Each structure stands twice: as C-alpha cells, then as structure tokens.
Amino acid sequence: MKKHHLILTTVTALFLLTGCQTSSSGQTNPNAVEISYPLTIHAGYSTTEDDPRGLALKIFQDTVQQKTNGDIIIELHPAGELGSDAELIEKMTKGEVDMTVSSAGNYAVYAPRIGVSALPFLFENFESAWAFVDSDDMQEINKDLESYNMHVLSYFDNGFRCVTTSEAVGAVNSVEDMNGLNIRTPENQIVMETMKALSANPQSFPFAELKQALADGQFDAQENPIPIIYNNQLYEVQKYLSVTNHSYDAMPLTIRQDIWDGLTPEYQDILSIAAEVAGKQNRVLIKNQTTDMVKRLEAEGMEIVYPDLKPFQEATSGVKNIIYGQDLPDVLK
C-alpha cells in the first residue's frame, strides 16, 4: 500500500444535494420517501448510552432537533433494543430501522469495500486512520452502500481492537497463545479472518449478550476497543487485556437512503453538519478514553499485556488477499 494514502488531508466538505429526490450520486431515486413533518427518525445502536457512541448520538439528536425547530425528531434506541449490529444494518436495508452507527466491517457484508479500514494493522495511530476515512477515496467508496438503502453521514470512531481473555486460559503474550482460542467477534468478515489467520476460533455473537456469555464460559476471549471493554464492564468477566491493536474500528453513521432523498436540501445540510460535529466529539472521547481507561482497567484488576506485534502483523498479512483478492480497492494499491 502506498503510504501517502494514509496521510490524506481530512475532507470536511459537506455534500449539498440539488433536490430532495436526488441521491448523492446525482441520480433520481424513485423510492424516496414522501416526508411529512414532524418526522421521527429511529436510530438504533448496540452499546450503552454512556458509551462514546451513545454520547455522540445524543449530541447529534439535540443538534438536529434544535436546528430543525422540532421538525426532525431523533429517537435513540441503545443497548441493542432494536437488534444487534448485524440485525440493525439488515433492518436498514429493509426500511425497518432508520439510522444506525456500526463498525465498517459489519456494513461490508453488503458492500465489501466499505470495510477496508478494518484490515489488520493498517494504521499506526488515530490521526492516520481519521485522514483515511475522511479522504476522497472513502467518500467515493461510501456510495457503495446507497444501493442497499444506506447513506453515510459521517464516520464515528470505535478505537483499535484488542484481545481480552479469561483467567482460565491466561494472557495472550504471543501469536502462539492465540492458537485454538475460542473468541467472540462481531459478524465482521475482516475481523473473523484476522482471528483465523492467528489460528484462533472466532464465532460471531450479539454484543448486547456478550458479557453474560463470557460469564457463562461460552467464550474464552473476545476482542474490542479499550473504551468498549471498560464502558461495558467486561473487566468483570475477563482477567487479561492484550493490547494488540489488530484492527481499527471505523464506524459509519448511516441513515436510510430513501429518507435522505426525501429530505429538503436545507435539512440534509443540517443532518450532515450535526453528524460531522458529533463524529468529531466521538473521536476525541475515544482517543482520550483509550489512554485513560487502560489505567482504569488495571485498577479494576485486569492485567495488561503488551505483546510483540511484529509476529501478529506477519501472520495476518494475507487477510487483505482473502477478503479482496484481485479486487483490492484502489486506495490500498
């Protein structure tokens, strides 16, 4: 991959559409919803209200409702109330859920290129990851979701994914410790293939039910960003945190395309700006919590391990070819 792609200037230009029946690709959408106001938009997500995802969505909710004078009401449904991440995205394609924010790799079930940022060890820090997801290349890739009735408003951040394990199996100090590990993952092909490349045994499972499943011994391990691990008290059922940072977890905030195309340009503008503001606040929270919450996890009794990551990088170097083969997105060539 050409390194200059990782230091692209952050794109903050917002797309104002020329008409309420026109998609961002410039094509008329005959399926656009006929909007009447006040309009209630139901936004579901899998984590708690106190998670950075939930806090940022609250900012988005307040901004939209204030700027539209109550014409658009955002109703938030946290903690998997409307379904798991995979179910929420599927329901959006069917018009049963209006909005969600989830890992890019989860959307890749429908539009494979959208998950490219989740490839293992692609970024060294938050800044390079943010430049990548805000780039013109990703803006173009975002359009892949439109045919599945999803429009990307902005990118939230979920942090870098790390492995936690139970006291029974011990800490992951090396690639060898991943061999045969019974680990929960989201329904995310890139993450699952990454775990397979490390010789682990990944199984997808709804996040809202994960803590109890770990307590019951259904899984020996799981992998998630550090703020997710702390904010959802996974330290109560896992003993060890191995800071692997094996995958960056970009999270598109999406709204149904048919609703988006039914909005006036003025209200599209308001939603776009609100999503960008909320996304920036989410990123600040995630970056700060990633550092701060390692200390908090230690205080809660977790043992923190920093394995040598070079063998992990070498073991997972072929994942991009498994996922994309000859169709590797141009942004990585």
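Residues numbered from 1 in each chain as written. Predicted model: local features only at pLDDT ≥ 70, side-chain atom pairs only at ≥ 80, totals over all residues. Heavy atoms only, no water.

Draft legend 1. Here's a closer look at the overall build of the chain. Summing up its helical and strand segments, the chain has twelve helices and nine strands in all. In terms of overall dimensions, the chain is globule-like: its C-alpha atoms have a radius of gyration of 19 Å, near the 20 Å expected for 333 residues. With respect to the three principal axes, the spread of C-alpha positions in the chain is 55 × 40 × 30 Å. Split into buried and exposed, the 333 residues of the chain put 57% on the buried side. For the chain, restricting intrachain contacts to residue pairs at least 6 apart in sequence, the fraction spanning at least 24 positions comes to 76%. (Helix = DSSP H or I, 4+ residues; strand = E, 2+ residues; numbered from the N terminus. Rg over C-alpha atoms; globule rule 2.2 N^0.38 Å. Buried < 20%, exposed > 50% of the residue type's maximum accessible area, 1.4 Å probe, protein only. Contact = heavy atoms within 4.5 Å.)

Draft legend 2. Broad picture of the packing of aromatic side chains. The full count for this structure, using the stated rule, is nine aromatic pairs. Centroid distance Phe 126 to Trp 130: 5.7 Å. Interplanar angle 40°. Geometry classified as tilted. Within this pair, Phe 126 and its partner Trp 130 are both found in helix α4 (residues 126–133), separated by four residues, close to a single helical turn. Trp 130 matches Phe 126 in its accessibility class, with the two residues each being buried. (Phe/Tyr/Trp six-rings, centres within 6.5 Å; stacked < 30°, edge-to-face > 60°.)

Draft legend 3. Focus on the pattern of salt bridges. What the rule picks out here adds up to 15 salt bridges. Between Lys 58 and Asp 62 there is a salt bridge; the shortest N-O distance is 2.9 Å. Here the residue Lys 58 and the residue Asp 62 both occupy positions in helix α1 (residues 52–67), the gap between them amounting to four residues, near one helical turn. The partner of Glu 276 in a salt bridge is Lys 280, and the shortest N-O contact between them spans 3.5 Å. Separated by four residues within a single helix, Glu 276 and Lys 280 lie in helix α10 (residues 265–299), roughly one turn from each other. Taken together, the salt bridges that share partners define one network made up of Asp 98, Arg 256 and Asp 258. (Salt bridge = Lys/Arg side-chain N within 4 Å of Asp/Glu carboxyl O.)

Draft legend 4. Spatial organisation of the packing of α4 against α10. Between α4 and α10, whose axes approach to 12 Å, the crossing angle comes to 155°. When the axis of α4 is compared with that of α10, the two are roughly antiparallel. In this structure, α4 meets α10 at a crossing whose hand is right-handed. Packed against α4, whose contacting residues are Phe 126, Glu 127, Trp 130 and Val 133, the element α10 presents Arg 283, Ile 286, Lys 287 and Thr 290 at the interface. A per-class count over the contact of α4 with α10 returns four nonpolar, one polar and three charged. (Axes fitted to C-alpha atoms, helices over the stretch in contact; angles between N-to-C directions. Parallel < 35°, antiparallel > 145°, perpendicular 65-115°, else oblique. Left-handed = near helix turned anticlockwise from the far one by under 90°. Nonpolar A, V, L, I, M, F, W, Y, C, P; charged D, E, K, R; others polar.)

Draft legend 5. Spatial organisation of the packing of α1 against α10. For the pair α1 and α10, the least separation of the axes is 8 Å and the interaxial angle reads 155°. Here α1 lies roughly antiparallel to α10, going by the angle between them. Between α1 and α10 lies a crossing of right-handed hand. From α1, Pro 52, Arg 53, Leu 55, Ala 56, Ile 59, Phe 60, Thr 63, Val 64 and Lys 67 reach across to α10, where they touch Ile 270, Leu 271, Ala 274, Ala 275, Val 277, Ala 278, Gln 281, Asn 282, Leu 285, Ile 286 and Gln 289.

Draft legend 6. Structural detail: the nonpolar core. Ranked by internal contacts, the top residues of the largest apolar core, which has 36 residues, are Leu 119, Phe 132, Tyr 248 and Leu 332. Of all the secondary structure elements, the ones that give two or more residues to this core are α2 (85–93), α3 (104–107), α4, α5 (136–142), β4 (150–165), β8 (240–256) and α12 (319–324). Examining the composition of this core, we find that five residues originate from one element, α4, more than from any other. (Core = buried A, V, L, I, M, F, W, Y, C linked by side-chain atoms within 4.5 Å.)

Draft legend 7. Region of interest: the environment of Met 150. Looking at the secondary structure, you find Met 150 in strand β4. You can call Met 150 buried: its relative accessible area is 0%. Along the chain, Met 150 and Arg 53 lie 97 residues apart, while their C-alpha atoms are 19 Å from each other. Contacts of Met 150, omitting those with residues within four sequence positions, involve Ile 89, Met 92, Thr 93, Tyr 107, Leu 145, Thr 254, Ile 255 and Gln 257.

Draft legend 8. The confidence of the model for the chain, seen in detail. With 92% of its residues at a pLDDT of at least 70, the chain reaches an overall mean of 91. Predicted confidence for residues 1–22 stays below pLDDT 50, and this span has 56 contacts to residues more than four positions away or in other chains. (pLDDT = per-residue confidence, 0-100.)

Draft legend 9. Representation of unusual backbone geometry within the structure. Note the cis peptide between Tyr 37 and Pro 38, where omega equals 5°. For Pro 38, the location among the structural elements is in the segment before β1 (39–44). Phi at Phe 121 takes a positive value of approximately 55°, unusual for a residue other than glycine. Looking at the element boundaries, Phe 121 is found in the loop between α3 and α4. One non-glycine residue, Ser 199, lies in the positive phi region at around 70°. Tracing the sequence through the fold places Ser 199 in the loop between α6 (189–197) and β6 (201–204).

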